[in-house]
Protein chains: 2
Amino acid sequence: MVKQPNPTRRSERSRQAILTAARELISEVGYAKLTIEAIAARAGVGKQTIYRWWSSKGAVIFDAFLALSETGPELSTALPDTGDVETDLKAVMRATVAEFADPAFEGPIRALNTEIINDPALAAQYREKLADPLDEAKKTRLRSAQRAGQLAADADLDLALELLYAPLYQRWLLRSGPLTPQYADTLVDVFLKAMRPEGRRS
Amino acid sequence: MVKQPNPTRRSERSRQAILTAARELISEVGYAKLTIEAIAARAGVGKQTIYRWWSSKGAVIFDAFLALSETGPELSTALPDTGDVETDLKAVMRATVAEFADPAFEGPIRALNTEIINDPALAAQYREKLADPLDEAKKTRLRSAQRAGQLAADADLDLALELLYAPLYQRWLLRSGPLTPQYADTLVDVFLKAMRPEGRRS
């Protein structure tokens, strides 16, 4: 009897090859020039294989990014909590700035953002699967700082996260300034001043 | 002698029709589905007429947006300066929030941002022709507040503008929260707390 290849395993191998090809090509040629044809050629599969599993370029990119995040430490790991919110946030923001300054990491995220900006359904999916769990981990750290009296007890934590991350997001997205460790530190300093309990001075 | 139509005037009329069509179509169908063909059909010109003047969809959108800004009050007008920076910034941010909540206004800006995010050359052009002059007008108002002792004299005004506008930009771009007058006010409150002179409490 001739041994048949395991179709499930072969599918998974193709799927991973497609996601890897998508990530590599985004970093190499950028989002605008990325095509399904190029992803298929790089992954060694037919175009139809891609369209069987994904409805659009945006959907492939979303899964490529999701797979990247799942292999990274971010989604599973809580933020550090040494008791000193300034130290902890500066470590986190320095790491974030370093990621966004790395073309291999930022390429897929830039492509994903381009899709999200123009696709409200994908934006909702992104928020539910990626952004909300990460935000929840960050808020857990901020709540700890509130209990320690380092942040105002009545601070709106959604607004707090916007204040901390949106300047970095905008600077990265529009390439409007350098992403440096000093910038990360400055953002944390300004954030803590804006969020500190009334009556308290640093 | 047969009177010839004035070719300069006719060109200008076609140009304006193309820019108007581009703006209308972006609001109606969104950026992803916008095509040069549709712009040409709406404007009543041939595709080649568009390609004679613009190299890409992004370039048409950029000019459509530039024309929109030139007819608005923004570029020519300084920020209000009543002497009360809180009142003035809240008026400005409420107007900005209202603009970004208006589909007719935000559609072209969303399309422009999509292009800028993926085209560093267009981003530089955007910065020079649109963002820098607007930022300079805003900084003039912030400098006045610094002289009045309402903002820290040593505040980094580029960072200050990021802090004030980036949360709104991100919330609008990712559709991650409501754009309301209350949100505008809250952003100004948090901004003033982060930027106030040390030793001063509101």
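Everything numeric here is computed off the predicted structure, so don't read it as measured data.

Peer 1: Before we move on, could you go through the confidence of the model for chain A and cite the residues and values that matter?
Peer 2: Overall, the prediction assigns chain A a mean pLDDT of 87, with 90% of residues at 70 or greater. By mean pLDDT, the top-scoring element of chain A is helix 9 (residues 181-195) of chain A (97), and the lowest-scoring one is helix 4 (residues 57-71) of chain A (75).

Peer 1: Quick one: what's the story with the side chain of A:Arg171, residue by residue and with numbers?
Peer 2: Its place among the elements puts A:Arg171 in helix 8 (residues 157-174). Separated by 3.5 Å, the side chains of A:Arg171 and A:Tyr183 make a polar contact. With residues near it in sequence (within four places) discarded, A:Arg171 still touches A:Ser176, A:Gly177, A:Pro178, A:Leu179, A:Tyr183 and B:Glu162.

Peer 1: Hey, could you go over helix 5 (residues 85-100) of chain B for me, with residue numbers and the actual values?
Peer 2: Residues and elements named next belong to chain B. Taking 1.5 Å per residue as the helical rise, helix 5 with its 16 residues ought to reach 22 Å, and the 22 Å between its terminal C-alpha atoms agrees with that figure. Within helix 5 the residues assigned to the buried category are Val 85, Asp 88, Leu 89, Lys 90, Val 92, Met 93, Thr 96, Val 97 and Phe 100. On its buried face, helix 5 sits against helix 6 (103-117), helix 7 (120-147), helix 8 (157-174) and helix 9 (181-195). The residue sitting at the N-terminus of helix 5 and contributing the capping side-chain oxygen is Asp 84; that oxygen lies 3.0 Å from the backbone nitrogen of Glu 86.

Peer 1: Go over the domain arrangement of chain A, please, and point to the residues and values.
Peer 2: All names here are of chain A. Each assigned domain of chain A is listed here: domain 1 (7-56) and domain 2 (72-195). The gap between the C-alpha centroids of domain 1 and domain 2 is 30 Å. Between domain 1 and domain 2, the residue contacts involve four residues of the former and seven residues of the latter. Of the roughly 440 Å² buried between domain 1 and domain 2 on both sides combined, carbon and sulfur atoms contribute 69%.

Conventions and cut-offs
Residues numbered from 1 in each chain as written. Chains lettered and ligands numbered in written order. Predicted model: local features only at pLDDT ≥ 70, side-chain atom pairs only at ≥ 80, totals over all residues. Heavy atoms only, no water. pLDDT = per-residue confidence, 0-100. Helix = DSSP H or I, 4+ residues; strand = E, 2+ residues; numbered from the N terminus. Polar contact = N/O pair within 3.5 Å; in protein donor to acceptor, adjacent residues only side chain to side chain. Contact = heavy atoms within 4.5 Å. Expected span 1.5 Å × (residues − 1). Buried < 20%, exposed > 50% of the residue type's maximum accessible area, 1.4 Å probe, protein only. Domains from an automatic or database assignment. Buried area = accessible area lost by both parts, 1.4 Å probe.

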